[in-house]
Amino acid sequence: MARHLVTSAIPYINGIKHLGNLVGSQLPADLFARYQRARGNEVMFICATDEHGTPAELAAQKAGKPVAEYCAEMHAVQARIAEGFRLSFDHFGRSSSTQNRALTQAFAKRLFDMGLIREVSEKQMYSNADGRFLPDRYIEGTCPNCGYDSARGDQCDNCTKQLDPVDLINPRSVISGSTDLEMRETKHLFLRQSAMKDKLDAWIDSKTDWPVLTTSIAKKWLHDGDGLQDRGITRDLSWGVPAQFEGAPWEGMEGKVFYVWFDAPIEYIAGTQEWAEASGGDWERWWRTDKGAEDVTYTQFMGKDNVPFHTLSFPATILGSDEPWKLVDYIKSFNYLNYDGGQFSTSRGRGVFMDQALEILPSDYWRWWLLSHAPESADAEFTWENFQVSVNKDLADVLGNFVSRITKFTRSKFGEAIPEGGDWGEAGEALIAELTTRIRDYERFMEAKEVRKAAAELRAIWVAGNEYLQSSAPWSVFKTDPVQAGAIARLALNLVPLYAVLSAPFIPDAAASMLEGMHATDQTWPEDVAAAVRALPEGHAFTTPDVLFGKISDEEREDWQSRFAGIRT
Ligand SMILES: [Zn+2]
């Protein structure tokens with residue numbers, strides 16, 4: 001039994017994610033985790049909410065709540081929606097956990113001891129009225145470029161010019177509105193990524209099987225311009241992992257926390273510790289190569305914007321510690337999913353968000369469309385027309401229709417039981433041979449995390465069943481040879497649980513209904529197709545299932561199209 005550690009990039013806490021976020025990390029990670037479990041392997045699938053940083057503080061302020069309370073509420077919301085999409089995390093943690101705090105501080109101390117953290121003094125905007133340093137986003141003023149009066153310290157939202165807080169005309173504090181600001185000396189910790197450059201470069205070079213999307217982004221950061229730069233890992237904020245703590249090898253970091261991008265990936269490990277504490281399990285055999293993790297295969301899933309942090313910053317933390325932590329074996333990254341001629345946008349509320357999607361259709365519809373159109377080799381686009389066609393053709397016409405046709409035919413001619421006697425003959429044997437070839441291809445694509453190809457192969461497996469029914473035509477054969485017709489039906493009925501097991505990683509709810517309808521309890525992966533199509537014995541009772549997938553009508557499509565054309569408020 002192989003052991004698979006699977007992590008999805010952790011979604012930020014401030015608000016509900018859109019479908020583009022879902023398909024770029026959590027959903028393909030879930031597909032892979034479900035597949036590995038179905039193959040009988042041991043899986044640890046970890047995700048969490050990313051709760052620290054300025055945006056969380058600002059969102060809480062906007063909601064009029066203490067930030068800890070805001071994060072607890074939003075975590076519960078995101079966990080509920082993840083359940084709605086059947087994301088099968090072994091644990092959905094929180095980067096604000098005590099485990100992550102302790103581990104982040106331990107890593108920082110270790111990196112300092114290894115000579116990989118240096119202290120840097122720099123000048124930063126200080127608010128006398130608020131009694132604190134202000135991060136760039138906490139400062140607003142007039143844009144020197146376009147005159148917009150609410151430009152932020154890091155960027156003007158009106159003309160998109162990148163800014164420094166000192167560029168702003170009449171700068172003021174976002175917290176208090178005070179203009180009593182001054183530049184003051186402040187100290188920060190920097191991770192010496194530049195010292196790790198050659199080691200990281202050699203490590204990336206050794207990953208010859210990684211997607212080009214992943215390695216090209218890493219290489220760009222390693223070599224473009226002056227190459228990989230040291231990175232500030234502390235911020236002047238109160239919400240986060242305190243940078244000054246008992247046993248810290250530095251002083252004067254009071255009131256500062258670690259930068260969210262330093263502590264967030266550490267939550268993959270801390271989340272497993274949270275799981276261990278809740279379940280009584282052993283986290284070290286997943287993460288410590290000296291405690292049993294040397295045979296673990298670790299796969300990460302993420303959107304391309306997260307690649308630099310996972311190929312460089314987090315590995316710099318792991319490698320820099322010189323401790324026996326498990327390093328990632330494979331990074332699967334995704335391009336962007338666009339929405340109907342533009343971009344999905346959380347800040348502007350554009351597109352379909354996870355909660356809205358579940359309000360209009362069951363999760364399997366979305367899972368199938370998103371995964372079969374995953375933005376792997378290039379950006380992809382969601383359009384309502386494409387969604388309608390894909391759902392109606394693939395799910396309703398191909399899979400749903402197959403299940404409905406064979407169960408209804410059998411019920412009308414033989415009753416709700418697997419027909420007895422006869423032999424399905426050469427056409428049946430040819431189908432078994434075709435399915436065997438296709439299932440081995442499907443397995444290969446799933447192992448390689450080739451999501452679109454796996455979806456296309458699964459669809460071809462469904463199509464093969466439909467074509468077999470069409471060409472064998474048991475309804476015609478029945479008129480002259482009912483026993484032969486029964487044998488054909490027996491083979492086709494046995495495909496229903498076979499399809500359920502194969503399809504479950506993509507469409508778990510429909511797969512469960514198919515198994516339930518066939519009164520099938522065995523969910524063993526079909527290593528041997530010839531044996532699998534004989535699993536339901538002659539005389540075995542079944543229940544004709546309800547319609548598996550409804551079709552999306554033109555009226556529904558138009559209604560949703562206009563409902564989601566505007567901006568979420
Ligand atoms: Zn501007």
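It should be noted that the structure appears before, not after, this text.
Just so it is clear, the model here is predicted, and its values are computed rather than measured.

1. Here we look at the overall build of the chain
When its secondary structure is counted, the chain shows 20 helices and 17 strands. Taken against the 2.2 N^0.38 rule, which gives 25 Å for 569 residues, the C-alpha radius of gyration of the chain at 27 Å falls within 12% of a compact globule. Seen through its principal axes, the chain has C-alpha atoms that stretch 95 × 55 × 40 Å. For the chain, contacts bridging at least 24 residues in sequence account for 76% of all contacts bridging at least 6. Just so you have it, the chain exposes about 23,000 Å², and 47% of that area is on carbon and sulfur atoms. Charge centroids of the chain, computed over 59 positive and 82 negative side chains, lie 2 Å from each other.

2. A look at the coordination of the zinc ion
The protein atoms donating to the zinc ion are C143 (SG), C146 (SG), C156 (SG) and C159 (SG), with metal-donor distances spanning 2.3 to 2.4 Å. Taken in chain order, the donor set of the zinc ion reads C-x2-C-x9-C-x2-C.

3. Structural notes on the environment of R411
Among the secondary structure elements, R411 is positioned in helix 13 (residues 384–414). With 16 residues separating them along the chain, R411 and L395 place their C-alpha atoms 22 Å apart. In contact with R411, not counting residues within four places along its chain, are E416, F542 and T544.

4. Focus: the packing of aromatic side chains
Any pair of aromatic rings gets described here by the distance separating the centres and the angle formed by the planes. One pass over the full model with this rule turns up 33 aromatic pairs. Considering the side-chain rings of W369 and F382, the 5.0 Å spacing of their centres and the 75° angle between planes classify their relative orientation as edge-to-face. Of this pair, W369 sits in helix 12 (residues 363–372) while F382 sits in strand 17 (residues 380–382); the two residues are 13 residues apart in sequence, bridging distant segments of the chain. For W369, a relative accessible area of 1% puts it in the buried group.

5. Overview of the sheet that holds strand 8 (residues 169–173)
The strand order 7-6-8 describes an open sheet built from three strands, whose pairing is antiparallel. Looking at strand neighbours, the two that pair on one side only are strand 7 (151–152) and strand 8, the edges of this open sheet.

6. Digging into the nonpolar core
By size, the foremost hydrophobic cluster in this structure holds 117 residues, and its most contacted members are W366, W384, F387, L435, Y499 and F506. Considering every element that reaches this core, the biggest residue donor is helix 17 (residues 482–503), with 14 residues. Discounting residues that sit within four places of it in the chain, F506 has contacts with L31, D364, R367, W368, L371, Y442, M446, V451, A454, A455 and L458. Among the nonpolar cores identified, the runner-up in size contains 58 residues, and L5, W203, L222 and I269 belong to it.

7. Here we look at the pairing of strand 4 (residues 117–127)
Bridge count for strand 4 against strand 9 (residues 181–191) is 11 bridges, and the pairing is antiparallel. Bridged to S121 within strand 9 is K187. With two bridges joining them, strand 4 and strand 5 (residues 132–133) adopt antiparallel strand pairing. Across the sheet, the residue bridging to S127 is R132, located in strand 5. Counting the residues that bridge the hairpin from strand 4 to strand 5 gives four residues, and of these G131 lies at a positive phi of roughly 65°.

8. Observations regarding the pairing of strand 6 (residues 139–142)
In this sheet, strand 8 lies alongside strand 6 in antiparallel orientation, the contact comprising three bridges. Residue pairing in the sheet places T142 in a bridge with I169 of strand 8. Sheet topology note: the strand 6/strand 7 ladder contains two bridges and is antiparallel. Bridge pairing in strand 7 places E140 opposite R152.

9. Section: the side chain of R288
Relative to the helices and strands, R288 is located in the loop between helix 9 (284–287) and strand 13 (296–303). Judged by relative accessible area, R288 falls into the buried class, the value being 15%. Residue contacts for R288: discarding those within four places in its chain leaves W283, A293, P324 and W325.

10. Quick notes on the side chain of D201
Tracing the sequence through the fold places D201 in helix 6 (residues 197–205). Residue classification places D201 among the buried positions, given a relative accessible area of 14%. Those residues in contact with D201 that sit more than four places away from it in its chain are K219, L222 and H223.

11. Here we look at helix 4 (residues 67–84)
Since the α-helix turns once every 3.6 residues, residues separated by three or four places project in the same direction. The end-to-end C-alpha distance of helix 4, which contains 18 residues, comes to 26 Å, matching closely the 26 Å that a straight helix rising 1.5 Å per residue would cover. Here helix 4 has its buried residues at V67, Y70, C71, M74, H75, V77, Q78, I81, A82 and G84. In the stretch just after helix 4, R86 is the one whose phi turns positive, near 60°.

Basis of the calculations
- Residues numbered from 1 in each chain as written.
- Predicted model: local features only at pLDDT ≥ 70, side-chain atom pairs only at ≥ 80, totals over all residues.
- Heavy atoms only, no water.
- Helix = DSSP H or I, 4+ residues; strand = E, 2+ residues; numbered from the N terminus.
- Rg over C-alpha atoms; globule rule 2.2 N^0.38 Å.
- Contact = heavy atoms within 4.5 Å.
- Areas by Shrake-Rupley, 256 points an atom, 1.4 Å probe, with all protein chains shown as cover.
- Lys, Arg positive; Asp, Glu negative; His and termini not counted.
- Charge placed at Lys NZ, Arg CZ, Asp CG, Glu CD.
- Donors = N, O, S within 2.8 Å, 3.2 Å for Na, K, Ca; no water.
- Phe/Tyr/Trp six-rings, centres within 6.5 Å; stacked < 30°, edge-to-face > 60°.
- Buried < 20%, exposed > 50% of the residue type's maximum accessible area, 1.4 Å probe, protein only.
- Pairing = 2+ DSSP bridges.
- Core = buried A, V, L, I, M, F, W, Y, C linked by side-chain atoms within 4.5 Å.
- Expected span 1.5 Å × (residues − 1).

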